[in-house]
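Summary of structural features
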Amino acid sequence: MRPLTALPAAAAMALALSLIPTGTAQAHQPVRLTSADRTPAQGPLLVDGTISFAVYATVREGTTRGFRVGMKAGQRLEVQLLINDRPPANRLSDAQLPTVTIIDPAGRRTSMVANERTPFFEPYSQTAYIYLARSTTTASSGTYQVIVTGRDRSKVPVVVAVGYREIPGEVRD
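Below: a short report on this structure.

Before going further, it helps to spend a moment on the layout of surface pockets. Estimated volume of the second largest pocket: approximately 150 Å³. When residues of the lining of the second largest pocket are assigned to their parent elements, the largest contribution, 3 residues, is made by strand S9 (residues 127–138). The class makeup of the residues in the lining of the second largest pocket is 3 nonpolar, 5 polar and 2 charged.

Before going further, it helps to examine unusual backbone geometry. Put simply, proline 87 and proline 88 share a cis peptide bond, and its omega is 0 degrees. In this fold, proline 88 is placed in the loop between strand S5 (76–84) and strand S6 (99–103). Positive phi is not limited to glycine here, since glutamine 126 has a value of about 60 degrees. With respect to the secondary-structure elements, glutamine 126 resides in the loop between strand S8 (118–122) and S9.

Let us look at the pairing of strand S7 (residues 109–112). Where S6 and S7 come together, 4 bridges link them in antiparallel fashion. Looking at S7, one finds that valine 100 is bridged to methionine 112.

Another aspect to go through is the nonpolar core. By size, the foremost hydrophobic cluster in this structure holds 33 residues, and its most contacted members are Leu46, Phe67, Val69, Ile83, Val100 and Val160. By size, the runner-up hydrophobic cluster in this structure holds 6 residues, among which are Tyr129, Tyr131, Val159 and Ala161.

A word on the sheet that holds strand S11 (residues 156–162). In spatial order, the strands read S1-S3-S11-S5-S9-S8; together these 6 strands make up an open sheet with mixed pairing. Two strands bound the open sheet, and with one partner strand each, they are strand S1 (29–32) and S8. Strand-to-strand twist in this sheet, taken as the mean axis angle between neighbours without regard to direction, amounts to 35 degrees. Bridge count for strand S3 (residues 53–59) against S11 is 7 bridges, and the pairing is antiparallel. Considered in S11, the bridge of threonine 58 is made with proline 157.

Here is what the cut-offs are and how they apply
Residues numbered from 1 in each chain as written. Predicted model: local features only at pLDDT ≥ 70, side-chain atom pairs only at ≥ 80, totals over all residues. Heavy atoms only, no water. 1 Å grid on protein atoms, 1.4 Å probe; cavity = no way out; pocket = protein on both sides within 12 Å on 5 of 7 lines; lining within 4 Å. Points joined across faces, edges and corners; volume = space filled by probe spheres on them. Helix = DSSP H or I, 4+ residues; strand = E, 2+ residues; numbered from the N terminus. Nonpolar A, V, L, I, M, F, W, Y, C, P; charged D, E, K, R; others polar. Pairing = 2+ DSSP bridges. Core = buried A, V, L, I, M, F, W, Y, C linked by side-chain atoms within 4.5 Å. Buried < 20%, exposed > 50% of the residue type's maximum accessible area, 1.4 Å probe, protein only. Axes fitted to C-alpha atoms, helices over the stretch in contact; angles between N-to-C directions.

Shown next, in the form of structure tokens:
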């Protein structure tokens, strides 16, 4: 027979364990860019670019949104460009879709242009997306700049997914 004092401790432990998030219930941390975030210097800094973030922005022709990503040498930098799988965004031609430019700490530019249209259902938010472009590279140490550029007259909401580790991360202004 257990002593009565052990029951409250066991119940508290069970409750504490049930509150720990599991990897399957988590999703990219959301970061929302506004019209004030026109350049990477004006946008937020994702302190650790290996941590999963979903950066939301809306762009149209002639507008840009920017943010920064901190990386250490040898880490894996993963960036994906997605749009909602619903009109009008999913009906745009490749030439009308936004582009993403990644500038590494040495100033080298890489352009992500739509080269796929792979459906993706995100169960956490119950949202259907389309992958437009994906990039994976080995990082240099320093801060990467990311610029989202609109190419269509209509407002196009996009998601730039960064990172792969589903743990809480830090965002600085």
